[in-house]
Amino acid sequence: MLRELKTFITVARLGTFAAAGQQVGLTQSAVSAQMRVLEQHLGVRLFDRSGRAAVLNAAGRHALPLAEQMLALYAQMALPPAADQWQGELRVGAIATLQTGLLAEALPRFRQLAPRVELKLVPGVSLQLFSQLDAGELDLALLIKPPFALPKELLEVPLAREPFVLIAPLDVDGDDPLRLLVEQPFVRYDRASFGGRQVTRFLREQRLNVREALELDELEAIVRLVENGMGVALVPRAGLWLQRPTHLRVIELGELTFHRELVALVRRAQRQPALDCLLSCLLSRDAPG
């Protein structure tokens, strides 16, 4: 029955028997047969089948987190008790500033504790990483806190809180951030990203009309553009640019300061000792000893 449960979870995530079959290596008819067997054993229908789609009904939505928990418990039966004996792969997705910041600080300690665990680092922007975690393609996602309610099967662990600042070229005079935002060209933090949405909300709340010069999601690139005189920008005080000499002005927002929150997201049903160990290292960020 474990095989049927794995296929059920895959169908629920991908939405069709055909797509699930491609991922688990079965034909569409074999997936359909497994789902019939599972439904017969449970005595309930799990999907509303409409055309090619397989949408979970109420019974299916109830069964999905329980199926994930059963498989997670089964997987934990094979885990050794000692951290240095853990083996396997952890797929960790992280935005750029967390890759070079908190994660880089935590990994040496984790490597000491769990030397046999293979880490696969997946780069991406927050929305992309959230989708990959939700689809089961990642074990852990390190990203900006989503601006919406999380599905109940996801656990959120707070990591850090970073203030936004205004950055401007060295030859731009003035210390009033609102005036500079109106007067200078604006390099916009991509409004489709979680962090960019916060910038958009700030501009709207302050009723500012900016003259956009460019829009992009990469913070290091935004900083470089500002250094080269492209305009001013609102960015979080985070990233490698803080660790090198910069040729720009950093202007605090004072009482108008807003923050981005960095979090770790994990599926509750996929918690396991090696993953919990990595989360602990991220939270403590102890130097290796």
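If you're wondering where the values come from, they're calculated on a predicted model, not measured in any experiment.

## Description of the domain arrangement of the chain
The figure often quoted for interface size is the accessible area lost as the parts come together.
Here is step 1: Considered domain by domain, the chain is made up of domain 1 (1-77), domain 2 (86-159 + 259-281) and domain 3 (161-258).
Here is step 2: Taken together, the contact pairs 15 residues of domain 2 with 18 residues of domain 3.
Here is step 3: Our enumeration of links across domain 2 and domain 3 arrives at 1 salt bridge.
Here is step 4: The partner of Arg260 in a salt bridge is Glu162, with the nearest N and O atoms 2.7 Å apart.
Here is step 5: At the junction of domain 2 with domain 3, the criterion picks out 4 residue pairs in polar contact (both at pLDDT 80 or more).
Here is step 6: Broken down by secondary-structure element, the contributors of at least two residues to the side of domain 2 that touches domain 3 are helix 5 (96-99), helix 7 (126-134) and strand 11 (259-267).
Here is step 7: With 4 residues, strand 11 is the largest single contributor of residues to the side of domain 2 that touches domain 3.
Here is step 8: Residues of the side of domain 2 that touches domain 3, tallied by class, amount to 8 nonpolar, 4 polar and 3 charged.

## Looking at the pattern of salt bridges
Here is step 1: As enumerated under the stated definition, the model contains 15 salt bridges in all.
Here is step 2: Across the salt bridge formed by Glu156 and Lys145, the nearest N and O atoms sit 2.8 Å from each other. One end of the pair, Glu156, is in strand 6 (residues 154-169); the other, Lys145, is in the loop between strand 5 (140-144) and strand 6, and 11 residues separate them in sequence.
Here is step 3: With relative accessibility at 32%, the residue Lys145 sits in the partly exposed group.
Here is step 4: A salt bridge links Glu227 to Arg244; the shortest N-O distance between them is 3.2 Å. Here Glu227 is found in helix 10 (residues 219-227), whereas its partner Arg244 is found in the loop between strand 9 (233-236) and strand 10 (248-251), with 17 residues between them in sequence.
Here is step 5: A network of salt bridges, in which partner residues are shared, links Arg13, Glu68, Asp134 and Arg267.

## Considerations on the nonpolar core
Here is step 1: Of all hydrophobic cores here, the largest spans 69 residues; its most connected members are Leu140, Leu142, Ile167, Leu181, Leu203, Leu234 and Leu282.
Here is step 2: With 9 residues, strand 6 is the single largest residue contributor to this core.
Here is step 3: Counting only domains with at least three residues in this core, you end up with domain 2 (86-159 + 259-281) and domain 3 (161-258).
Here is step 4: For Ile167, the residues in contact, after removing those within four places along its chain, are Val223, Val226, Gly231, Val232, Ala233, Val235, Trp241, Leu248, Arg249 and Val250.
Here is step 5: Grouped together as the second largest cluster of nonpolar side chains are 17 residues, Leu5, Ile9, Phe47 and Leu71 included.

## Describing the packing of helix 1 (residues 2-14) against helix 2 (residues 17-24)
Here is step 1: Where helix 1 meets helix 2, the axes come as close as 8 Å, and the angle between the chain directions of the two elements is 125°. Classified by the angle their axes make, helix 1 and helix 2 are oblique. Taken as a pair, helix 1 and helix 2 cross one another with a handedness that is right-handed. Counted together, Thr10, Val11 and Leu14 of helix 1 and Phe17, Ala19, Ala20, Gln23 and Val24 of helix 2 form the full contact between these two elements.
Here is step 2: By residue class, the composition of the contact of helix 1 with helix 2 is 6 nonpolar, 2 polar and no charged.

## Structural notes on the layout of surface pockets
Here is step 1: Roughly 280 Å³ of volume is contained in the second largest pocket.
Here is step 2: The wall of the second largest pocket is formed by 20 residues, among which Ile95, Gly124, Val125, Ser126 and Asp217 lie closest to the centre.
Here is step 3: Per-class residue counts for the lining of the second largest pocket are 11 nonpolar, 5 polar and 4 charged.
Here is step 4: Each of domain 2 (86-159 + 259-281) and domain 3 (161-258) accounts for three or more of the residues forming the lining of the second largest pocket.

## Description of the side chain of Arg267
Here is step 1: In this structure, Arg267 sits in strand 11.
Here is step 2: Residue Arg267 is classed as buried on the basis of its relative accessible area, which comes to 2%.
Here is step 3: A polar contact of 2.3 Å, which involves the side chain of Arg267, links it to the side chain of Glu68.
Here is step 4: At 3.1 Å, the side chain of Arg267 forms a polar contact with the backbone oxygen of Asp134.
Here is step 5: In this structure Arg267 touches Arg13, Glu68, Leu133, Asp134, Glu153 and Leu154, once residues within four positions along its chain are discounted.

## Focus on helix 3 (residues 28-42)
The α-helix winds at 3.6 residues per turn, so residues separated by three or four positions along the chain end up facing the same way.
Here is step 1: Given a rise of 1.5 Å per residue, 15 residues ought to cover 21 Å, and the 21 Å separating the end C-alpha atoms of helix 3 matches this to within 8%.
Here is step 2: Within helix 3, the full set of buried residues consists of Val31, Ser32, Gln34, Met35, Leu38 and Glu39. On an axial view of helix 3, the arc spanned by its buried residues comes to 160°, and they lie on one face. In helix 3, the exposed residues that point more than 90 degrees away from the buried face are Ser29, Gln40 and His41.
Here is step 3: As for helix 3, its buried residues are in contact with helix 1, helix 2 and strand 1 (47-50).

## Regarding the environment of Glu156
Here is step 1: Taking the relative accessible area as the measure of exposure, Glu156 reaches 25% and is therefore partly exposed.
Here is step 2: The spatial distance from the C-alpha of Glu156 to the C-alpha of His247 is 37 Å, given a sequence separation of 91 residues.
Here is step 3: When near neighbours in sequence (up to four residues on either side) are disregarded, Glu156 contacts Lys145, Leu150, Val263, Ala264 and Leu265.
Here is step 4: Separated by 2.8 Å, the side chains of Glu156 and Lys145 make a polar contact.

Reading guide: rules and limits
- Residues numbered from 1 in each chain as written.
- Predicted model: local features only at pLDDT ≥ 70, side-chain atom pairs only at ≥ 80, totals over all residues.
- Heavy atoms only, no water.
- Domains from an automatic or database assignment.
- Contact = heavy atoms within 4.5 Å.
- Salt bridge = Lys/Arg side-chain N within 4 Å of Asp/Glu carboxyl O.
- Polar contact = N/O pair within 3.5 Å; in protein donor to acceptor, adjacent residues only side chain to side chain.
- Helix = DSSP H or I, 4+ residues; strand = E, 2+ residues; numbered from the N terminus.
- Nonpolar A, V, L, I, M, F, W, Y, C, P; charged D, E, K, R; others polar.
- Buried < 20%, exposed > 50% of the residue type's maximum accessible area, 1.4 Å probe, protein only.
- Core = buried A, V, L, I, M, F, W, Y, C linked by side-chain atoms within 4.5 Å.
- Axes fitted to C-alpha atoms, helices over the stretch in contact; angles between N-to-C directions.
- Parallel < 35°, antiparallel > 145°, perpendicular 65-115°, else oblique.
- Left-handed = near helix turned anticlockwise from the far one by under 90°.
- 1 Å grid on protein atoms, 1.4 Å probe; cavity = no way out; pocket = protein on both sides within 12 Å on 5 of 7 lines; lining within 4 Å.
- Points joined across faces, edges and corners; volume = space filled by probe spheres on them.
- Expected span 1.5 Å × (residues − 1).
- Arc of directions from axis to C-beta.

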